[in-house]
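Survey of secondary and tertiary structure
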Amino acid sequence: MDVKIEESWKEALRQEFTKPYFLQIVTLLKNEKISGNTVYPPGGLIFNAFNTTPFNKVKVVIIGQDPYHGPGQAHGLSFSVPKGIPPPPSLVNIFKELKQDVGMTIPNHGNLTHWAEQGVLLLNASLTVRANEPMSHSKIGWAEFTDAVIAKVSAGKENTVFLLWGKFAQEKQSLVDETRHLVLKAAHPSPFSADKGFFGCRHFSKANAWLAGKGIDPIDWAL
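Residues numbered from 1 in each chain as written. Predicted model: local features only at pLDDT ≥ 70, side-chain atom pairs only at ≥ 80, totals over all residues. Heavy atoms only, no water.

In this section: the overall build of the chain. Tallying secondary structure elements over the chain gives eight helices and six strands in all. In the chain, the order of α-helices and β-strands from amino to carboxyl end is α-α-β-α-β-α-α-β-β-α-β-α-β-α. Scaling as 2.2 N^0.38, a compact globule of 223 residues should have a C-alpha radius of gyration of about 17 Å, and the chain matches this with 17 Å. With the C-alpha coordinates aligned to their principal axes, the bounding extent of the chain is approximately 50 × 35 × 25 Å. Going through the 223 residues of the chain one by one, you find that 53% of them count as buried. Intrachain contacts of the chain at a sequence separation of at least 6 include 67% that bridge at least 24 residues. For the chain, the accessible surface area stands at approximately 10,300 Å², while carbon and sulfur atoms represent 53% of it. Here the chain holds 23 positive side-chain charges and 20 negative ones, and the gap between their average locations is 2 Å. (Helix = DSSP H or I, 4+ residues; strand = E, 2+ residues; numbered from the N terminus. Rg over C-alpha atoms; globule rule 2.2 N^0.38 Å. Buried < 20%, exposed > 50% of the residue type's maximum accessible area, 1.4 Å probe, protein only. Contact = heavy atoms within 4.5 Å. Areas by Shrake-Rupley, 256 points an atom, 1.4 Å probe, with all protein chains shown as cover. Lys, Arg positive; Asp, Glu negative; His and termini not counted. Charge placed at Lys NZ, Arg CZ, Asp CG, Glu CD.)

A few words on the nonpolar core. In terms of nonpolar packing, the biggest core is built from 68 residues, with W9, F22, F47, F50, W115, W142 and F145 touching the most fellow members. When neighbours within four sequence positions are excluded, W142 is seen to be in contact with F22, I25, L29, I46, F47, A125, S126, L127, T128 and H137. (Core = buried A, V, L, I, M, F, W, Y, C linked by side-chain atoms within 4.5 Å.)

The final tally for this structure, using the stated rule, is nine salt bridges. Residues D2 and K10 are paired through a salt bridge, measuring 2.8 Å at the closest nitrogen-oxygen approach. Residue classification places D2 among the exposed positions, given a relative accessible area of 57%. Taking relative accessible area as the criterion, K10 reaches 14% and is therefore assigned buried. Across the pair R202 and D101 runs a salt bridge, and its minimum N-O distance is 3.4 Å. (Salt bridge = Lys/Arg side-chain N within 4 Å of Asp/Glu carboxyl O.)

Packing of helix α4 (residues 89-102) against helix α8 (residues 203-213) brings their axes to within 8 Å, and their N-to-C directions diverge by 60°. Our classification of the angle between α4 and α8 gives oblique. From α4, I94, E97, L98, D101 and V102 reach across to α8, where they touch H203, F204 and S205. Tallied by class, the residues present in the contact of α4 with α8 amount to four nonpolar, two polar and two charged. (Axes fitted to C-alpha atoms, helices over the stretch in contact; angles between N-to-C directions. Parallel < 35°, antiparallel > 145°, perpendicular 65-115°, else oblique. Nonpolar A, V, L, I, M, F, W, Y, C, P; charged D, E, K, R; others polar.)

To continue, consider helix α6 (residues 142-156). It helps to recall that an α-helix has 3.6 residues per turn; residues three or four apart then point in one direction. Along its 15 residues, α6 runs 21 Å from first to last C-alpha, staying within 8% of the 21 Å computed at 1.5 Å per residue. Along α6, the residues that are buried comprise W142, F145, T146, A148, V149, I150, V153 and S154. For α6, the elements touching its buried residues are α1 (7-12), α2 (20-34), α3 (48-52), β2 (60-64), β3 (120-124) and β5 (161-165). (Expected span 1.5 Å × (residues − 1).)

Shown next as structure tokens:
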């Protein structure tokens, strides 16, 4: 099937798009529409992370769990919200750590597109969610797809930094070849866990130091 996704990702993931689980995802999303259910993000933004960060540009991978399920929040980038939407609590804590770590001024918006354009793949494990029902699409096949994405980055690239925040993201560690890539782990930035090891993790400066050591341009985290 012809999936509308950036060309380098289309090539890298070509085999996934014909597998039964992916066809099941497509069928379910069509049925959601027929049933009148609202799904986030809008169809044209489901693959926004891939369209904004081509495969050959990936430097850092940040793994989220589920798209935001409130109106206007989800736009296909993990932890990010469009301008005009108040940053959710986890994102507020990410900004606090950035200020502490690299001195970044806390922005007045929560749109992380600037990161994505520089090579930060903002990947949610599930790429869709039903409105007001968190994790409602977590069992429809997306996990298999996004696990394949992580494995493809691990196998097809070198010197990528994987930021694994919280238990859910850390369960993806086995998909990463740590002889080729850097894995940094910390608690999730959620208000329930940020003070258990996210604050003070200094992942942003550590990622940049590692990239620079490999001769790769570091990420400008300022927004």
